[in-house]
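If you want the building blocks of each chain, they are given just below.
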Amino acid sequence: MASRTTIDPPPQRQPRRPRTRTALVVGTAALLAAVGAPAVAGTTQAASTLGAAAAEQGRYFGAAVAANHLGETPYASTLDTEFSSVTPENEMKWDATEPTRGTFTFGSADQIVNHAQSRGMKVRGHTLVWYSQLPGWVGNLGATDLRSAMNNHITQVMQHYQGRIHSWDVANEAFQDGDSGARRSSPFQDKLGDGYMEEAFRTARAADPAAKLCYNDYNIEGINAKSNAVYNMVRDFKARGVPIDCVGFQSHFNSASPVPYDYRENLQRFADLGVDVQITELDIEGSGTAQADNYSSVVRSCLAVSRCTGITVWGVTDKYSWRAGGTPLLFDGNYTKKPAYNAVLAALGGGSSGAATCTATYSKAEEWSDRFNGKVTITAGSSAISNWTTTVTVTPPQKVSATWNGSPTWDTSGNVMTMRPNGNGNLAAGASTSFGFTVMRNGTSTPPVLGSCTAS
Ligand code: G3I
């Protein structure tokens, strides 16, 4: 019998047709075909690595890699065991591949590509046209020489790796931060004008027609002036037939730049333009449950968007993160899995065999003009569980006015509800229960965001 803590019962009006939104389960077979990920047939146990769990969702799960660490056993074995895609962290940038005009050096990048491909991992290419890590000679060229150097660089680097790179960041960080929506100053922008970007993408398509061509940037993860500017460029490219296939959302998060509440909505609006979206440089400062919940929410946002084809974290271990002194990754400095790792694996539907795991999925049950009812289904992993916990975050000024089938507690803001069982904590392997709640819209219809499900 459901226990109900009713504060303010919903009015008895004709509900609109229920619309179910499943956060975790997607059309796996179609997506597997779309991205060429290996199908896992007849799996009865949850996948136990990030790459395998992501493949079951039709996605890749990658890491940025530095060539000079590949010889370190724990680094390479963690990479090889857990990840299904790699991005060279610095080795494909212009200063590494063409330090002197016309002289190309691919040694370190080749090392990474060979390592990855000999182990069945995919490779993301990063990056061809960027204002940073650009050798001095490029900035000294006049417009005519610069155009020809840019096109030659794109052509030579892409043809060297032709057919071996699933997605290329053709252009990186070409827009300014802040509210202007303007292009960032760079030798390309300043000497060639806006049109350099289009030219770069056209040159890239000709150089390797099999590679997906991406625009990649940071601070575009939520809906804001900068992401609007990128959105308008992609829309214009699609309308005019300029070749672009994907947008990379770097996703470097910390307390000053948190995971945005409208992340999923933003990914979806880009996908609706007819491009894939990828999370390309994910790292999130913090530790423990807070960091784990943030990671989980990023993964669930990607899984909720069918054109979100993969996630890359910006490094394997905290030991070598570009954020000096930070702990933003999934493995600590000793290569031990962090709570964030477990949260990502669980959000991908995986779990280590025998461990108590659960997944939480959200659906909207009923709605009225002033409120809606949400339903969260908790499903045990491959082992029986006796307890579960998850969080539900609403967007202010929304408020939760009633809950049922669970025992809620609240954070100080009143926006984050932690839900525990109310007599429905014992679940057999694979079994489900659910709890519900009423959200007063107060003018905002944004769906609630679920935290990761933890079980014991
Ligand atoms: O390899 C040299 C070494 O020989 C030298 O002794 C040392 C000291 O100067 O520098 C080493 O190179 C450094 C390189 O990382 C490799 O560690 C560069 O100075 C340093 O600038 C470079 O930083 C990289 C940064 O991009 C450069 O902008 C980071 O590793 C890399 O993680 C970071 O990645 C960027 C993405 O490409 C784009 N998005 C943001 C992201 C984070 O900043």
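Residues numbered from 1 in each chain as written. Predicted model: local features only at pLDDT ≥ 70, side-chain atom pairs only at ≥ 80, totals over all residues. Heavy atoms only, no water.

As annotated in an unreviewed UniProt entry, the protein carries the name Beta-xylanase and comes from Streptomyces noboritoensis. Among the UniProt annotations of the protein, the heading Sequence similarities (unreviewed entry) holds the following wording: "Belongs to the glycosyl hydrolase 10 (cellulase F) family." UniProt, in its Catalytic activity (unreviewed entry) section for the protein, records the words "Endohydrolysis of (1->4)-beta-D-xylosidic linkages in xylans." (UniProt positions renumbered as here; feature names shortened; annotations may be inferred.)

(A) Structural view of helix H7 (residues 143–160). The terminal C-alpha atoms of H7, which comprises 18 residues, lie 26 Å apart, in line with the 26 Å expected from a rise of 1.5 Å per residue. All buried positions along H7 are accounted for by Leu146, Ala149, Met150, Asn151, His153, Ile154, Val157 and Met158. (Helix = DSSP H or I, 4+ residues; strand = E, 2+ residues; numbered from the N terminus. Expected span 1.5 Å × (residues − 1). Buried < 20%, exposed > 50% of the residue type's maximum accessible area, 1.4 Å probe, protein only.)

(B) Expanded view of the nonpolar core. In this structure, Phe61, Trp168, Met197, Phe201, Tyr215 and Leu330 are the most contacted members of the largest nonpolar core, which totals 96 residues. Contact partners of Leu330, with chain neighbours within four places excluded, come to Leu50, Phe61, Tyr295, Val313, Thr336, Lys337, Lys338, Ala340, Tyr341 and Val344. Membership of the second largest hydrophobic core comes to 20 residues, among which are Val376, Ala380, Val392 and Phe437. (Core = buried A, V, L, I, M, F, W, Y, C linked by side-chain atoms within 4.5 Å. Contact = heavy atoms within 4.5 Å.)

(C) Region of the structure containing the packing of aromatic side chains. Scanning all chains against the criterion turns up 18 aromatic pairs. Taking the ring centre of Tyr231 as reference, the NZ or CZ of Arg269 above it sits at 4.6 Å. A cation over an aromatic ring shows up here: Lys364 above the ring of Phe372, its NZ or CZ 5.5 Å from the ring centre. (Phe/Tyr/Trp six-rings, centres within 6.5 Å; stacked < 30°, edge-to-face > 60°. Lys NZ or Arg CZ within 6 Å of the ring centre and 35° of its normal.)

(D) Local environment of the site of the ligand. With respect to spatial proximity, 14 residues lie near the ligand, and among them Glu89, Lys93, His126, Glu173 and Glu281 are the closest. Contact distances for the ligand include 3.2 Å between an oxygen atom and a side-chain N or O atom of Gln133. Glu173 places a side-chain nitrogen or oxygen 2.8 Å from a nitrogen atom of the ligand. Compared with its free state, where it exposes 790 Å², the ligand has 44% of that area covered by protein. (Near = heavy atom within 4 Å. Polar contact = N/O pair within 3.5 Å; in protein donor to acceptor, adjacent residues only side chain to side chain. Areas by Shrake-Rupley, 256 points an atom, 1.4 Å probe, with all protein chains shown as cover.)

(E) Quick peek at the environment of Ala355. As for its placement among the helices and strands, Ala355 is situated in the loop between helix H13 (339–347) and strand S11 (358–367). Judged by relative accessible area, Ala355 falls into the partly exposed class, the value being 27%. Through-space distance from the C-alpha of Ala355 to that of Ser382 is 7.8 Å; in sequence the pair is 27 residues apart.

(F) Representation of the state of the cysteines within the structure. Under the counting rule described, the total for this entry stands at 3 disulfides. In this model Cys302 forms its disulfide with Cys308; the gap between the sulfur atoms is 2.1 Å. On the sign convention where negative means left-handed, the S-S torsion of about -105 degrees between Cys302 and Cys308 marks this disulfide as left-handed. An identical accessibility class is assigned to Cys302 and Cys308; each is buried. One disulfide in the model links Cys358 with Cys453; its S-S distance is 2.1 Å. Taking the sign of the S-S torsion, -105 degrees for the link of Cys358 and Cys453, the bridge is left-handed. Here Cys358 is found in strand S11, whereas its partner Cys453 is found in the loop between strand S18 (449–450) and strand S19 (454–455), with 95 residues between them in sequence. The pair Cys358 / Cys453 is uniform in exposure class, with both members buried. In the protein, the bonded cysteines, taken in the order they occur along the sequence, pair up as 1-2, 3-4, 5-6. (Disulfide = S-S within 2.5 Å.)

(G) Main features of the side chain of Ser297. For Ser297, the position within the fold is in helix H12 (residues 288–303). Judged by its relative accessible area of 13%, Ser297 falls in the buried class.

(H) Inspection of the packing of helix H10 (residues 225–240) against helix H11 (residues 263–271) at higher detail. Where H10 contacts H11, the two axes come as close as 10 Å, and the packing angle between them is 15 degrees. In terms of axis orientation, H10 runs roughly parallel to H11. Relative to H11, the crossing made by H10 is right-handed. Residues Ser227, Asn228, Val230, Tyr231 and Val234 of H10 touch H11, and the partners they reach there are Asn266, Arg269 and Phe270. Tallied by class, the residues present in the contact of H10 with H11 amount to 4 nonpolar, 3 polar and 1 charged. (Axes fitted to C-alpha atoms, helices over the stretch in contact; angles between N-to-C directions. Parallel < 35°, antiparallel > 145°, perpendicular 65-115°, else oblique. Left-handed = near helix turned anticlockwise from the far one by under 90°. Nonpolar A, V, L, I, M, F, W, Y, C, P; charged D, E, K, R; others polar.)

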